[in-house]
Amino acid sequence: MSKSFNLEYNEPKKGRLDAFISDQAEDLTRSQIQKFIKDGNILVNDQAVSKAGFKVKTGDKIVVNVPEEEPIKAIPENIPLDVVYEDQDVIVVNKPQGMVVHPAAGHPDKTLVNAILYHCQINDDDVIRPGIVHRIDKDTSGLLMIAKNNLAKQSLMKQLKDKSNLREYLAIVHGNFEEKTGKITAPLGRSKVDRKKQAVVEDGRHAVTHFTVLEQFDGYSLLKLKLETGRTHQIRVHMQYIGHPVAGDPLYGPKHTLPGKGQFLHAETLGFEHPRTHEWMEFSIEPPKIFQETLAQLRH
């Protein structure tokens, strides 16, 4: 179902139409907005405009019509899965670095959802897709819990909301620390400068990350991080915010960093109450080979 919303330009100077909408609509990318303009889906004072660089002035009334997106249907694919635990209600998997969790426009296949559909012999991704109750980034490795039915989904989602589950990560970050432990409380939202990024913003969503320094090396440190909340790119943005970006991070880190396959961030430990038995379940998994080899090099 398509949707639309209204905006009014109240800046004293003229500005680009696409830039203004991008600032106001955090859930739309600049490229999406430019396509909407090109397709005649954005009106200025009841007139369709066709140029992204169209200059809007004070008092201009803007209507943004967002067309309905065609859902990307996932199909079962025979992709190897590292299943750590499975029963009738939940699956815990060790996601490899480089695997996308959900199918999307840029990644229609070879995702975790495709692999789970094949593994569970399910032909309808409407069953599994909502069962992915939390995510980790493409280049972050480690543990994910997936609900196989509505009972499990509701229980796991409630635990995430109540912060009663356990999610701990390992990360190699830039720099050294004087303190051994710390707590980062900084609200997160879409960056006002780069729409592809998240950032610490005043009107962002509450986000809390705890960290413990495990080892320190020449210019780098190994941390254990515990999520109190689960915002997009939370650890990566919070570590950049305090001046210790995750090593290898192509989006939030420096150009001069440790060579690898993306950020050195690994979801090491996952704990939750089983949806049916109410037993506490906890799983840990070693980081991938490249993470371990890099640690060995730093130690020596």
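My aim in this report is to walk through the structure given alongside it, one point at a time. (Residues numbered from 1 in each chain as written. Predicted model: local features only at pLDDT ≥ 70, side-chain atom pairs only at ≥ 80, totals over all residues. Heavy atoms only, no water.)

**Brief notes about unusual backbone geometry**
No. 1: One non-glycine residue, His233, lies in positive phi territory at about 60°.
No. 2: Residue position: His233 is located in the loop between strand E15 (220–227) and helix H6 (234–241).
No. 3: Owing to a relative accessible area of 17%, His233 belongs among the buried residues under this scheme.
No. 4: If you check the backbone angles, His278 has positive phi at about 65° while not being a glycine.
No. 5: With respect to the helices and strands, the residue His278 is situated in the loop between strand E16 (265–273) and strand E17 (280–284). (Helix = DSSP H or I, 4+ residues; strand = E, 2+ residues; numbered from the N terminus. Buried < 20%, exposed > 50% of the residue type's maximum accessible area, 1.4 Å probe, protein only.)

**Quick notes on the sheet that holds strand E3 (residues 42–44)**
No. 1: Taken in spatial order, the four strands make up an open sheet running E1-E6-E3-E4, and their pairing is antiparallel. Edge positions in the open sheet fall to strand E1 (3–8) and strand E4 (47–48), since each of these has one partner strand only.
No. 2: The pairing of E3 with strand E6 (residues 61–66) spans three bridges and is classified as antiparallel. Bridged to Val44 within E6 is Ile62. (Pairing = 2+ DSSP bridges.)

**Some words on empty space enclosed by the protein**
No. 1: Per the stated rule, a full pass over the model turns up two cavities of 30 Å³ or more.
No. 2: When its volume is computed, the largest cavity comes out at roughly 60 Å³.
No. 3: Surrounding the largest cavity, Gln97, Asp139, Ser141, Gly260, Lys261, Gly262, Gln263, Phe264, Leu265, Pro288, Ile290 and Phe291 form its lining.
No. 4: Looking at the lining of the largest cavity residue by residue, the classes come out as five nonpolar, five polar and two charged.
No. 5: Reported here for the second largest cavity is a volume of approximately 30 Å³. (1 Å grid on protein atoms, 1.4 Å probe; cavity = no way out; pocket = protein on both sides within 12 Å on 5 of 7 lines; lining within 4 Å. Points joined across faces, edges and corners; volume = space filled by probe spheres on them. Nonpolar A, V, L, I, M, F, W, Y, C, P; charged D, E, K, R; others polar.)

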